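Geometric and topological summary
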Amino acid sequence: MKMALWARQVSRWCCWLKRAHGAEFPQRLRSRSNTTRTYHAFCPLALPPSRNDFLLWKLQTYRPLSVGSCSQPASSKDGSLASPDSNLSSQVNQKQEKAETLSDLNAKILYEDWDDIPPSSALEEISEEEAMRIIAEPLLPLKSSTLRDYVDHSETLAKLVHLGVDLSQVEKHQKAGQLLLTLDFEKDIRKILLFLKDVGVEDNQLGSFLTKNPYILGEDLEALETRVAYLKSKKFGKAEIAQMVSRAPYLLLFSVERLDNRLGFFKNELGLSVRKTKDLVIRLPRLLTGKLEPVKENIQVCQIELGFQRNEIQHIVFKTPKILTASKKRLRQTFDYLHNVMGIPHDILTQFPQVFNSKLLRIKERHLFLMFLGRAQYDPAQPSYISLDQLVSLPDEVFCTEIAKASIQDFEKFLKTL
Amino acid sequence: MAAAAAARGLPAGLFAVYKPPGVAWDRVRGALETRLLRELNAAAPRPPRLHVRFLPGAADDGGGAAPGLVAARVPVLAEHRLVTGPRFRRLKMGAGHRLDAKASGVLVLGLGHGNKLLARLHACHLTKVYTVGGLFGKATEDFSDTGKLVEKTTFDHITREKLERILAVIQGTNHKALLMHSNIDMKTQEAYELAVKGLIRPMVKSPPIITVIRCLQFTLPEFQLEIHCLHETQQYLRKIVHEIGLELKSSAVCTQVRRIRDGVFTLDDALLRTHWNLQSIQNAIRDCQLKVKTEIEKTLGPRDRSVLHKADTEVAQAADS
């Protein structure tokens, strides 16, 4: 009995305090939309400190109740506020500490009429209409490390999942989860999706695109359009832009100056013509969005350590752009084996740069097998020549029958003697 | 435990792979794990759990409790594959007797409850067989052919007979060590029976012991040995090659260490890199199951249930008295 009396008293206090702070409450909510990126927007930071103190001082046990009433503005996404009327009555009438109400009351009307709402009694009867709006559910966690907790309650997240966005990947990106929670599908996301479709990203790629780069949803549409216009001004065709954007999702987050700098970097560093530079970045657009330091280092490794000429490097890079983003260690090891063990000169390596993309273990195994059979002959001037391309690119079965002229069983037996 | 793992679609048991030279064993394990996880996660997801939601719909005038709301069963999005992430992220996969990066050969791996079998197999102290390649005329710091060269020597005086004499000496001294560490009184019937079955071996930790060593190939300057041993490391085998070189008044480096048998797992059981997929691994586990079980029972006796049972009766007797 005593508890019930206390509960009533607390609810009255809450009501009184809410009225007292009513003036600043909506303002805080409006400011929330300006700082949408912060995670705190999702937490009920609108809780006035004085009230917090009061609750701590007054009654520890009723804390979840008051927090519940505060978290409503945050959990109702489109800014509509629950009316304090139905809110308070739900707490007492339903005898549920954790209650959440969803209201379709227009927020504007609410702000204007804030002071006119008469103080409602906790025991007041509510109508059927109002009762219908009350959905009693466990409270959403105020803080969470995963989007799992919110996906069933957020229209936006649900739609993104249906679009094919992997939320488990997205939440690993820094602050991406907070960004998605503050966005509204109809208002913020739709326009970006339409924009991406205009650029030429395929429908079935949208999900994986947004999984890789969720930040584009928070980007300004005009800035994105300027960047596409810049690419168009650089004489990239529409299909090429589409290919570049879908292969390198972060491309459109780079400012025009930065894109310009990077295009210039590849042109100067490799000494390629404009047309060839364009071709290079179209084929491997992640060169533009990745770090430039490893690219510089790889060029140095090719030039100084591996001893390729400048025009040879141009040829290699133009044929296999991937070599610029490969790991230096792997490049060195592969070259060391090809050149020093297999005795392949630089000019043949330049002809078949794709060997640098294949696994060293694969090259080793096949070379040793050919050595064992006495067929390891990589000089094009001599008979029974085996090109490096054939050595690395063919699947095992074809390699055995066509190149090594042996059965796959023999190859497997040989591999077990290594 | 095994049943639970099987219910979740996970393979469990022991299998062997062929580790290529130049790759560390944990990279092999990691590669296997990623391949298995990819296959396991690609399997069709379970149908999603449904929960009841009251969705605002067309007002139902039939007189339901809440007019305007329609109860509907919708899938729980929180359990969607795209929200939870992949179902399996990690596999319980342990390696048996390790192989260092330069060595190659049979590497035994355990999945799920296979890890327990791995521990039991380890307690069996079974012998392993290696083929070890050597090259006379050189000595290096780490006894392998890629190490830093220390000296060069002549080797023309070495003959197969001289080599085999040294091997016999090595085997003899190791045989004495074997008898010493196996803690069996040699003058008993029990020792005789064990010796007949060929089961005399140390059942506790001991220094490396070579049980059999013989020359497979001898073409100067190269030679190849077959070594059966216990409690060895690959580096120890390289050192043996080095010492053989010194004993023959020359020097030798080890060109290859290849394990062709680890306990009951032979070269034929080992899976090559091209066969590292779920189906082959499951087949390999099934094929080896019986072999492993019989070997464990032969050495350690039947499963501990009898021991547990005995302990239980003892407790019961103690309670009664």
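Residues numbered from 1 in each chain as written. Chains lettered and ligands numbered in written order. Predicted model: local features only at pLDDT ≥ 70, side-chain atom pairs only at ≥ 80, totals over all residues. Heavy atoms only, no water.

The name given to chain B in an unreviewed UniProt entry is Pseudouridylate synthase TRUB2, mitochondrial, and the organism recorded there is Apteryx mantelli.

Rules: UniProt positions are given in the numbering used here, feature names are shortened, and annotations may be inferred rather than shown by experiment.
An unreviewed UniProt entry lists chain A under the name Transcription termination factor 3, mitochondrial, from Apteryx mantelli. On record in UniProt, under Sequence similarities (unreviewed entry), the comment for chain A is "Belongs to the mTERF family."

**Remarks on the overall build of chain A**
So the rule is basically this: Helix and strand labels come from DSSP, where a helix needs a run of H or I of at least four residues and a strand needs a run of E of at least two; each type is numbered from the N terminus. Contacts are residue-level and defined by heavy atoms, with any inter-residue pair within 4.5 Å sufficient. Note on areas: these come from Shrake-Rupley sampling with a 1.4 Å probe, and a residue is covered only by the protein chains present in the view.
The helix and strand inventory of chain A stands at 26 helices and 2 strands. A sequence separation of at least 24 residues applies to 72% of the contacts in chain A between residues at least 6 apart. For chain A, the accessible surface area stands at approximately 22000 Å², while carbon and sulfur atoms represent 53% of it.

**A short note on the overall build of chain B**
Looking only at helices and strands, one finds 9 helices and 12 strands in chain B. Accessible area for chain B stands at about 17800 Å²; split by element, carbon and sulfur atoms hold 56% of it.

**Looking at the interface of chain A and chain B**
Here is the rule: Two parts placed together each lose some accessible area under a 1.4 Å probe, and adding up what both lose gives the buried area. When a carboxyl oxygen of Asp or Glu lies within 4 Å of a side-chain nitrogen of Lys or Arg, that pair is called a salt bridge. Any pair of N or O atoms that falls within 3.5 Å is considered a polar contact. Within protein, one atom must be able to donate a hydrogen and the other to accept it, and sequence-neighbouring residues count only if both atoms are side-chain atoms. As a working rule, the residues Ala, Val, Leu, Ile, Met, Phe, Trp, Tyr, Cys and Pro are called nonpolar, Asp, Glu, Lys and Arg charged, and the rest polar, with Gly in that last group.
Residue-level contacts link 24 residues of chain A with 31 residues of chain B. Of the roughly 2200 Å² buried between chain A and chain B, counting both surfaces, carbon and sulfur atoms make up 56%. Run the count over chain A and chain B and you get 1 salt bridge. At the junction of chain A and chain B, the tally comes to 15 residue pairs in polar contact (both at pLDDT 80 or more). Only helix H7 (128–133), helix H8 (148–151), helix H9 (155–163), helix H10 (167–170), helix H23 (360–373) and helix H26 (408–415) of chain A provide two or more residues apiece to the side of chain A that touches chain B. Taken together, the residues of the side of chain A that touches chain B break down into 9 nonpolar, 5 polar and 10 charged.

**Here we look at the packing of aromatic side chains**
All names here are of chain A. Formally: Aromatic rings from Phe, Tyr and Trp, taking only the six-membered ring of Trp, are treated as a pair when their centres fall within 6.5 Å; an angle between ring planes under 30 degrees marks them as stacked, one over 60 as edge-to-face, and anything in between as tilted. Note on classification: 1.4 Å probe, protein chains only; a residue is buried when its accessible area is under 20% of the maximum for its type, exposed when over 50%, partly exposed between these limits.
Enumeration over the complete set of coordinates arrives at 9 aromatic pairs over all chains. Ring centres 6.4 Å apart and planes at 80° place the aromatic pair phenylalanine 308 and phenylalanine 356 in the edge-to-face group. Of the two residues, phenylalanine 308 sits in the loop between helix H19 (293–305) and helix H20 (310–319) while phenylalanine 356 sits in the loop between helix H22 (346–351) and H23, which places them 48 residues apart along the sequence. Its relative accessible area of 3% is what places phenylalanine 356 among the buried residues. Considering the side-chain rings of phenylalanine 369 and phenylalanine 414, the 5.2 Å spacing of their centres and the 45° angle between planes classify their relative orientation as tilted.

**Here's the deal with the UniProt feature "domain: Pseudouridine synthase II N-terminal" (unreviewed entry) in chain B**
The sites that carry the UniProt feature "domain: Pseudouridine synthase II N-terminal" (unreviewed entry) are, in the present numbering, residues 90–233 of chain B. End C-alpha atoms of residues 90–233 of chain B are separated by 29 Å, and the span's content is 29% helix alongside 33% strand.

**Considerations on the pairing of strand E6 (residues 128–136) of chain B**
Residues and elements named next belong to chain B. For clarity, the cut-off: At least two bridges found by DSSP between two strands is the condition for calling them paired.
Among the 9 residues that make up E6, 8 are buried, leaving the element largely enclosed by the rest of the structure. One ladder, built from 8 bridges, connects E6 with strand E10 (residues 222–230); its direction is antiparallel. When the bridges of E10 are listed, glycine 133 appears paired with glutamine 224. As paired strands, E6 and strand E11 (residues 252–262) are joined by 9 bridges and run antiparallel to one another. Bridge pairing in E11 links valine 129 to arginine 261.

**Re the pairing of E10(B)**
All names here are of chain B. Among the 9 residues in E10, 8 count as buried, and that is most of the element. Bridging between strand E9 (residues 209–219) and E10 involves 9 bridges; their strand directions are antiparallel. Considered in E10, the bridge of phenylalanine 218 is made with phenylalanine 223. Connecting E9 to the antiparallel partner E10 that follows it, the hairpin turn spans 2 residues.

**Some thoughts on unusual backbone geometry**
Residues other than glycine predominantly adopt negative phi, and peptide bonds predominantly adopt the trans conformation. Residues and elements named next belong to chain B. In this structure, the amide linkage connecting leucine 220 to the following residue, proline 221, adopts the cis form with an omega of 0°. Its place among the elements puts proline 221 in the loop between E9 and E10. A positive phi is found at lysine 249, a non-glycine position, where the angle reads about 55°. With respect to the secondary-structure elements, lysine 249 resides in the loop between helix H7 (234–247) and E11.

**Quick notes on the packing of helix H16 (residues 256–270) of chain A against helix H17 (residues 274–283) of chain A**
All names here are of chain A. Definition in use: Between N-to-C directions, angles cover 0 to 180 degrees, with each direction set by a line fitted to C-alpha atoms, over the stretch in contact for helices. The labels follow the angle: roughly parallel below 35 degrees, roughly antiparallel above 145, roughly perpendicular from 65 to 115, and oblique for the rest. Helix crossings fall into two classes, left-handed where the near helix is turned counterclockwise from the far one by less than a right angle and right-handed where it is turned clockwise.
Interhelical geometry of H16 versus H17 gives an angle of 120° and a closest axis separation of 10 Å. As summarised for this structure, H16 and H17 are arranged oblique, according to the angle between their axes. In the crossing of H16 with H17, the sense of the turn from one axis to the other is right-handed. Across from Leu263, Phe266, Lys267 and Leu270 in H16, the residues of H17 making contact are Val274, Thr277, Leu280 and Val281. Grouping the constituent residues of the contact of H16 with H17 by class yields 6 nonpolar, 1 polar and 1 charged.

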